[in-house]
Amino acid sequence: MNSSRKKLIAGIAISAGVLAGCGGQGASTQHKDAHSVRLVSWGTNEQIKLFRASLAKFTKKTGIAVQVIQEPGTNYAQKINAQILSKSLPDIFWCQNSMAQDLGRQGKLFNWSDYASGKASGATDAGLDITKFSPGAVDTYRTPDGGLAGIPNEANTYGVFYNIDAFRTAGVPLPTADWTWDQMFADAKALTIKHNGKVTRTGMQQVWGLLNSPPGMAFYSVSNGGAPLAKQKSLVGVTSLQADPKLVEGTQKLATAIKAGYITGPDFTGANTEGQFINGQVPMVFGGQWISSDFFAAKPKMSWGYAPLPHGTAGQVAPAEANGFCSPKDLANPTDTWKVIAWMDVHAFNDAYSQDPIAPIAYLPGSQGYFQALDRDGSAGKSVADTVRAELANPNKLGTTLLDPWSSKSGNITTATWNPALQHDKNIDAAVHSWISKNQALIDGH
Amino acid sequence: MTSAVTTDAARRPAPLTMPTGPALQRKVPLSVSRIAWYALCTLLSVTMLTPLLWMLSIALKTNGDIISLPPQFFPSTFTWRNFVDGPREVHFYRLLGNTFVIALISTFGAVASSMLAGYAIARIDFKGNRALFYLFTFSIFVPGIVTLIPIQRLFFSANAIDTWYPLILPSFFGNPLFIFLARQFFLSVPRSIDDSAMIDGAGHWRIFTRLMLPLTKPLWMTMTILAFQASWNDFLNPLVYLNSPSKYTLSLGMASFLGGLNSGASPEYNYYMASNLLFMIPPLMLFFLAQRHFMMGLGALGMTSK
């Protein structure tokens, strides 16, 4: 083949590629096809495969085609914002509480209220019963004006992973389903190892920063009979914040433990925590249930379990936190889209998470597959399942993060006032009140 | 006679050949500075190569091996299949084709437009060419993120969402840094060349294509490497503009290994690293093929000629 022919072929190949890539969808890519729904997920490659397999059954049953598109989690919010600007949002996209609240209040999301309540035509046919969600999960998607900015899907629960062998070696009783905050602090202390006053093993590492945050310490406060951070327990539409003495008490205990090296503080990144736990080097890890999938996959040599958030004198409080499905305001075909959302919550997660257990589903009947998968993982799996079940079923829920628009600036206040107090055991009472008053100023000024 | 021969030999210049025999056997003493230089080079090599070797190590490991502590450099089992299964997870070869097309056209656009603009500013006298040059130079310092939103809005209003146009077209409007480099390089080429060519009847296009392009090969090879690498590694623009998986680029495919926001399971790092090593090969090959010109291009940028 002479060189000019090669160039010609290369030119044709590139031109064909360009033509293929430059064929656009036009101004708006909101799906107008009555029997086709686009769903965007940030799931892993494996999850996407499993969702597609389940939705193929849905398509066979209903005739509604579903295109599942995987988007990277990196810069996900930027991607969604770009799609809003270009009016090319998919019919359904994965969202978090904070994203749903933010976009919902801006009027950019479809309000699912009528479908959730069954008032919309065809809503009840889909088989999603809004009363069967984990208590508090739907509340985090309700906007202050009464709208419903999304439908929850994967729920998160929090607790403490513990190394049974390390507890036994140290002669410390294992955490139980009704263990207390004081036991948690005492266990972390008992399992910390120091040499010449220097910590060589921290009793409890925090791979997720919930406990170190003001909403996290509200769990201590409420479970010990104190008040939550705000009367709006889901932390949506907060009008005033309060510093209960129990909040100060819990924060003081945590700060003391952090300063003594028993528990890691806000600056701890937790990058190696999972690996260290799997290799038996960390006795306790505070984190969400999703970490357990790594522990199961690694098959560690030691025995381990998962304890729920500790009890206080007034019982136990569980987190209200879930990802969800959101849709654009000008959704072309809400009824078909609602059917897809319902299928995902009722069937697809059961199908997928029975093989790849990542998270329970806020729609409780949709968690069966997840729990079936945990059953295959012996006593550790049972321990995780028990904790997750208990927290999902617990009606006493608190939001895990501030969700109102003003809260985007709250992180700076936490960094400047709360975190230094935790790590240096400064005047905790003053630090808590300073955090409250500065955030209250944000609310008042918004 | 003998004396004359001796005299001639003494006058003859020393041959320009490498010393042989005893001269080669003479050991050069290892001075402290040489040892320090080698030590520094070794240290730099190690710091640069270790991450790459660690990538290879992870790419060959099983999931269990990756999280073992203390970390082991050599995998307990060499899992070569990761180089097949990993790329398959993200439709690697389809995305590779997309990325090649976008990167090749963008590179051509960036280099051609910048060379032409650089030539015009350096060699054609027109009113405001200095101001134009400063304008380009100033725009080097404008962060890309600042221009992202207006450019996005422009393409959105032009209905160019989910096409490759936003990834390709901007490169045809010149790269400020490349224009700066081109202008500097063209200034180093003697004016007498243009003058001679013009006397022979050549216009600017002929001078540019027949004289300047061959003379500035190190420059545009350098630009080609930089432009290709920038387009190849671009993540944000494909993320923002592309919605259909069939049009995705490899950078988006690589990111899909990392999973979602607190979606749970740790990424399949072995697949991720195996695919990333393959992802690195094209720009690396381009660099090695053109590295001689790249070095010359960088070295020649400081010179100017009137």
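Residues numbered from 1 in each chain as written. Chains lettered and ligands numbered in written order. Predicted model: local features only at pLDDT ≥ 70, side-chain atom pairs only at ≥ 80, totals over all residues. Heavy atoms only, no water.

## Considering the layout of surface pockets
Regions of empty space are outlined by a rolling probe, equal in size to a water molecule, passed over the atoms.
Residue and element names in this part refer to chain B.
Okay, so step 1: One number sums up the size of the second largest pocket: a volume of about 1,200 Å³.
Okay, so step 2: Around the second largest pocket, the lining comprises 37 residues; the ones closest to its centre are I151, P170, G174, N175 and P176.
Okay, so step 3: Elements represented by at least two residues in the lining of the second largest pocket include exactly α6 (92–123), α7 (129–139), α8 (144–157), α9 (165–168), α10 (176–187), α13 (217–233) and α14 (236–241).
Okay, so step 4: Top element by residues in the lining of the second largest pocket is α8. It accounts for seven residues.
Okay, so step 5: Among the residues making up the lining of the second largest pocket, the classes are represented as 25 nonpolar, 11 polar and one charged. (1 Å grid on protein atoms, 1.4 Å probe; cavity = no way out; pocket = protein on both sides within 12 Å on 5 of 7 lines; lining within 4 Å. Points joined across faces, edges and corners; volume = space filled by probe spheres on them. Helix = DSSP H or I, 4+ residues; strand = E, 2+ residues; numbered from the N terminus. Nonpolar A, V, L, I, M, F, W, Y, C, P; charged D, E, K, R; others polar.)

## Section: the sheet that holds strand β1 (residues 36–41) of chain A
All names here are of chain A.
Okay, so step 1: Ordered in space as β2-β1-β3-β12-β4, the five strands form an open sheet in which the pairing is mixed. Because the sheet does not close on itself, it has two edges, and the strands there are β2 (65–70) and β4 (151–155). The mean angle between the axes of side-by-side strands here comes to 25 degrees, regardless of whether they run parallel or antiparallel.
Okay, so step 2: Bridge count between β1 and strand β3 (residues 92–95): two bridges; the pairing is parallel. (Pairing = 2+ DSSP bridges. Axes fitted to C-alpha atoms, helices over the stretch in contact; angles between N-to-C directions.)

## Details of the sheet that holds strand β8 (residues 204–206) of chain A
Residue and element names in this part refer to chain A.
Okay, so step 1: The four strands are arranged β8-β9-β5-β10 in an open sheet whose pairing can be described as mixed. Strands with a single pairing partner mark the edges of an open sheet, and in this sheet they are β8 and β10 (304–308). Adjacent strand axes in the sheet meet at a mean angle of 30 degrees when their direction is disregarded.
Okay, so step 2: Looking at chain direction, β8 and strand β9 (residues 284–288) are connected through three bridges and run parallel. Bridging across to β9, Q205 finds its partner in V285.
Okay, so step 3: Contacting β5 (158–163), β8 and β9, helix α7 (residues 181–191) runs over the sheet at an angle of about 135 degrees to β9. (Contact = heavy atoms within 4.5 Å.)

## Looking at the packing of helix α9 (residues 245–260) of chain A against helix α15 (residues 410–424) of chain A
Between two packed helices, what matters for the description is the angle formed by their axes and the separation of those axes.
Residues and elements named next belong to chain A.
Okay, so step 1: At a minimum axis separation of 6 Å, α9 and α15 run at an interaxial angle of 60 degrees. Between α9 and α15, the interaxial angle falls into the category oblique. In contact with T251, L254, A255, I258 and K259 of α9, α15 contributes W418, A421, L422, Q423 and H424.
Okay, so step 2: Within the contact of α9 with α15, the residues separate by chemical class into six nonpolar, three polar and one charged. (Parallel < 35°, antiparallel > 145°, perpendicular 65-115°, else oblique.)

## Observations regarding the confidence of the model for chain B
Residue and element names in this part refer to chain B.
Okay, so step 1: Looking at chain B, pLDDT values average 84 and 84% of them are 70 or higher.
Okay, so step 2: Mean pLDDT across the elements of chain B bottoms out in helix α1 (residues 2–11) (44) and peaks in α6 (95).
Okay, so step 3: This model gives residues 1–18 a pLDDT under 50, and the stretch forms zero contacts once residues within four places in sequence are excluded.
Okay, so step 4: Of the two predicted TM-score estimates for the complex, the pTM is 0.81 and the ipTM is 0.75. (pLDDT = per-residue confidence, 0-100.)

## Describing the environment of M302 of chain A
Okay, so step 1: Within the fold, M302 of chain A resides in the loop between α11 (292–298) and β10.
Okay, so step 2: M302 of chain A sits 22 residues away from G280 of chain A along the chain, and the two C-alpha atoms are 6.6 Å apart.

## Quick look at the side chain of T251 of chain A
Residues and elements named next belong to chain A.
Okay, so step 1: Relative to the assigned elements, T251 resides in helix α9.
Okay, so step 2: With a relative accessible area of 2%, T251 lands in the buried category.
Okay, so step 3: Apart from the residues within four sequence positions on either side, T251 is in contact with M217, W418, L422, I428 and V432. (Buried < 20%, exposed > 50% of the residue type's maximum accessible area, 1.4 Å probe, protein only.)

## Here we look at α13 of chain B
One turn of an α-helix holds 3.6 residues; hence residues three or four places apart share an orientation.
Okay, so step 1: Over its 17 residues, α13 of chain B runs 24 Å from end to end, which matches the ideal 24 Å to within 8%, given 1.5 Å per residue.
Okay, so step 2: All buried positions along α13 of chain B are accounted for by P218, L219, M221, T222, M223, I225, A227, F228, S231 and W232 of chain B. (Expected span 1.5 Å × (residues − 1).)

## Here's the deal with the domain arrangement of chain A
All names here are of chain A.
Okay, so step 1: Domain assignment breaks chain A into domain 1 (3–156 + 321–362) and domain 2 (158–318 + 398–445).
Okay, so step 2: Centre-to-centre separation of domain 1 and domain 2, based on C-alpha positions: 33 Å.
Okay, so step 3: On the domain 2 side, the residues contacting the 15 residues of domain 1 number 11 residues.
Okay, so step 4: By the criterion of area lost to domain 2, the three top residues of domain 1 are R105, N156 and E321, representing 44% of everything that side buries.
Okay, so step 5: The residue D404 makes a salt bridge to R105 at a minimum N-O spacing of 2.4 Å.
Okay, so step 6: There are five residue pairs in polar contact (both at pLDDT 80 or more) connecting domain 1 and domain 2.
Okay, so step 7: A total of four residues in the side of domain 1 that touches domain 2 trace back to one element, the largest contributor, which is helix α4 (residues 97–105).
Okay, so step 8: Its residues assigned to classes, the side of domain 1 that touches domain 2 comprises six nonpolar, five polar and four charged. (Domains from an automatic or database assignment. Buried area = accessible area lost by both parts, 1.4 Å probe. Salt bridge = Lys/Arg side-chain N within 4 Å of Asp/Glu carboxyl O. Polar contact = N/O pair within 3.5 Å; in protein donor to acceptor, adjacent residues only side chain to side chain.)

## Section: unusual backbone geometry
Okay, so step 1: Phi at N196 of chain A takes a positive value of approximately 55 degrees, unusual for a residue other than glycine.
Okay, so step 2: The topology assignment puts N196 of chain A in the loop between β6 (193–195) and β7 (198–201).

## A closer look at empty space enclosed by the protein
All names here are of chain A.
Okay, so step 1: The final tally for this structure, using the stated rule, is three cavities of 30 Å³ or more.
Okay, so step 2: Estimates place the volume of the largest cavity at around 60 Å³.
Okay, so step 3: Lining the largest cavity are S134, P135, A137, A155, N156, T157, P319, A320, E321, L392 and K397.
Okay, so step 4: Per-class residue counts for the lining of the largest cavity are six nonpolar, three polar and two charged.
Okay, so step 5: Of the pockets and cavities examined, the second largest cavity occupies roughly 40 Å³.

## Brief notes about the confidence of the model for chain A
In regions of low pLDDT, the predicted coordinates are not meant to be interpreted in detail.
Okay, so step 1: Scored by pLDDT, chain A comes out at a mean of 90, with 92% of its residues at no less than 70.
Okay, so step 2: The low-confidence segment residues 26–31 of chain A, where pLDDT is below 50, has 21 contacts with residues more than four positions distant or belonging to other chains.

## A short note on the state of the cysteines
Residues and elements named next belong to chain A.
Okay, so step 1: Across all of its chains, the model carries one disulfide over all chains by this definition.
Okay, so step 2: Residue pairing for C95: its cysteine sulfur links by disulfide to C326, the two sulfurs lying 2.0 Å apart. Because the sign of the S-S torsion sets the handedness, a value of about 70 degrees for the bond joining C95 and C326 places this disulfide among the right-handed ones. Remark: C326 occurs in strand β12 (residues 322–326) and C95 occurs in strand β3; sequence separation between them is 231 residues.
Okay, so step 3: Residue C326 is classed as buried on the basis of its relative accessible area of 0%. (Disulfide = S-S within 2.5 Å.)

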